[in-house]
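Residues per chain are reported as follows:
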Amino acid sequence: MSKKTFRLMQSLLVSALAAYLMRLLVGGKLNNYIHQRFTYLIVIAIVLLLILAGLGFLSIARMPSSKTKMASLPLYIMALPVIFGFFIPIKPLSNEALQSKGVNMGVADLANQSGQDLIPSDMRTILDWVRLLKAENENPSFIGQEAKVVGFVFLDPRLEAHQFAVARFVIACCVADATAVAMVIDLPDQELPPEGAWVEVSGTMDIINVEDEDIPLIHATQLKVIPIPDDPYLFP
């Protein structure tokens, strides 16, 4: 591969990477990879990548003719992640990832662990309920409050046959550091939903003790299976 062709391929690859990041940003899929607070860094990266690509294209016309050959294999290797990003569908973490990452049920050692009591009870997320239990562990005031949460089904073998856990992954920085939080759903009069299904559960709050650990529980009055939400992760 000649130097001009190599520079052209470099510039096209940088342009493709910028296009991929723009696709994630405009399509609202960026939060499948990083915390929302880092969006501005992606915007800066897109601008810089476009500048680099533009400079690369401009430099081609000024490059002297040369018979020197450049190794093309590194470019092909660098292009693979971009190609995979464009053509492999985005799939958020689900119950399958719990085997390697584990799940927090009753404890959430994440930042900003205050103010959950100021959020209306039917707007609290799984993370909010777990944090609230930790904050009020000695004298929980939320028992009997109405709750509505969204998460994916996790069948914990420690629970009763009419119970399951509903979980969400929490991203503090990026998907690599995602931590799962969960609470128990008590559903005595219905068949349990399939493991991994996304559900919306409404009911009243309570606490259950599992292996000497207090965990928030919802006595479900309504449950429905839903599509994967646009924002599958929670952000502390």
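This section reports on the structure supplied with the text. Keep in mind that what you see is a predicted model, and the values were worked out from it rather than measured.

Quick notes on the rules
Residues numbered from 1 in each chain as written. Predicted model: local features only at pLDDT ≥ 70, side-chain atom pairs only at ≥ 80, totals over all residues. Heavy atoms only, no water. Disulfide = S-S within 2.5 Å. Buried < 20%, exposed > 50% of the residue type's maximum accessible area, 1.4 Å probe, protein only. Helix = DSSP H or I, 4+ residues; strand = E, 2+ residues; numbered from the N terminus. Expected span 1.5 Å × (residues − 1). Contact = heavy atoms within 4.5 Å. Phe/Tyr/Trp six-rings, centres within 6.5 Å; stacked < 30°, edge-to-face > 60°. Pairing = 2+ DSSP bridges. Core = buried A, V, L, I, M, F, W, Y, C linked by side-chain atoms within 4.5 Å. Axes fitted to C-alpha atoms, helices over the stretch in contact; angles between N-to-C directions. Parallel < 35°, antiparallel > 145°, perpendicular 65-115°, else oblique. Left-handed = near helix turned anticlockwise from the far one by under 90°. Nonpolar A, V, L, I, M, F, W, Y, C, P; charged D, E, K, R; others polar. Salt bridge = Lys/Arg side-chain N within 4 Å of Asp/Glu carboxyl O.

Bringing the state of the cysteines into the picture now. Within this structure, the stated rule accounts for zero disulfides. The thiol of cysteine 173 is not disulfide-bonded; the next cysteine sulfur, from cysteine 174, is found 4.4 Å away. When its relative accessible area of 34% is taken as the criterion, cysteine 173 is described as partly exposed. On the basis of relative accessibility, which here comes to 25%, the residue cysteine 174 falls in the partly exposed class.

A rise of 1.5 Å per residue sets the reference length of helix H2 (residues 39-62), with its 24 residues, at 34 Å; its end C-alpha atoms lie 36 Å apart and thus fit the reference within 8%. On its buried side, H2 packs onto helix H1 (3-26).

Another point: the packing of aromatic side chains. The full count for this structure, using the stated rule, is four aromatic pairs. A ring pair is formed by phenylalanine 152 and tryptophan 198, whose centres lie 5.6 Å apart and whose planes are at 65 degrees; its orientation type is edge-to-face. You can see phenylalanine 152 sitting in strand S2 (residues 146-154) and its partner tryptophan 198 sitting in strand S5 (residues 198-210), a full 46 residues away along the chain. Tryptophan 198 gets classed as buried once you look at its relative accessible area, which sits at 5%. Members of the aromatic cluster, each reached through a chain of ring pairs, are Phe152, Phe169 and Trp198.

Another aspect to go through is the pairing of strand S6 (residues 213-226). In the sheet, strand S4 (residues 179-186) pairs with S6 via three bridges, with the strands oriented parallel. Looking at the pairing, aspartate 186 lines up with histidine 219 of S6. Where S5 meets S6, 13 bridges bridge the pair, whose relative direction is antiparallel. From the neighbouring strand, threonine 204 faces S6, where its bridge partner is histidine 219. Hairpin remark: S5 followed by S6, antiparallel, with two residues in the connecting loop; positive phi at glutamate 211, about 50 degrees.

The α-helix winds at 3.6 residues per turn, so residues separated by three or four positions along the chain end up facing the same way. Relative to the 34 Å expected for 24 residues at 1.5 Å per residue, H1 spans 34 Å between its end C-alpha atoms, a close match to the ideal helical length. When we look at burial in H1, the residues that qualify are Phe6, Ser11, Leu13, Ala18, Tyr20, Leu21 and Leu24. In the core, the buried residues of H1 are packed alongside H2 and helix H3 (73-87). Looking at the residues trailing H1, positive phi occurs at glycine 28, about 70 degrees.

The next thing to look at is the nonpolar core. Across soluble globular proteins, nonpolar side chains show a tendency to be buried alongside one another. Trp129, Val149, Val166, Met183, Val201 and Ile218 are the most contacted members of the largest nonpolar core, which has 24 residues in total. Broken down by secondary-structure element, the contributors of at least two residues to this core are helix H5 (126-135), S2, strand S3 (163-170), S4, S5 and S6. In terms of residues, this core owes the most to one element, H5, which gives six residues. Once residues lying within four places of it in the same chain are set aside, the contact partners of valine 166 are Ile126, Val149, Val150, Gly151, Phe152, Val181, Ala182, Met183, Ile185 and Val199.

Remark: H1 packs on H3, axes separated minimally by 10 Å, with the N-to-C direction vectors making an angle of 25 degrees. If you check the angle between H1 and H3, you find them roughly parallel. Regarding H1 and H3, the two cross each other, and that crossing is left-handed. In this structure, H1 uses Phe6, Met9, Gln10, Leu13, Ala16, Leu17, Ala19, Tyr20 and Arg23 to contact H3, whose residues at the interface are Leu75, Met78, Ala79, Val82, Gly85 and Phe86.

This part covers the packing of H1 against H2. It is the contact of H1 with H2, at a shortest axis distance of 8 Å, that shows an interaxial angle of 155 degrees. Relative to H2, the element H1 lies roughly antiparallel. Of the two possible hands of crossing, H1 and H2 adopt the one that is left-handed. In this structure, H1 uses Lys4, Arg7, Leu8, Ser11, Leu12, Val14, Ser15, Leu17, Ala18, Leu21, Met22 and Leu25 to contact H2, whose residues at the interface are Thr39, Ile42, Val43, Ile46, Leu49, Leu50, Leu52, Ala53, Gly56, Phe57, Ser59 and Ile60. Taken together, the residues that form the contact of H1 with H2 break down as 17 nonpolar, five polar and two charged.

Under the counting rule described, the total for this entry stands at three salt bridges. The residue glutamate 211 makes a salt bridge to arginine 158 at a minimum N-O spacing of 3.4 Å. Highlighted residues: glutamate 211 in the loop between S5 and S6 and arginine 158 in the loop between S2 and S3, separated in sequence by 53 residues. In this structure arginine 158 comes out as partly exposed when scored by relative accessible area, which is 35%.

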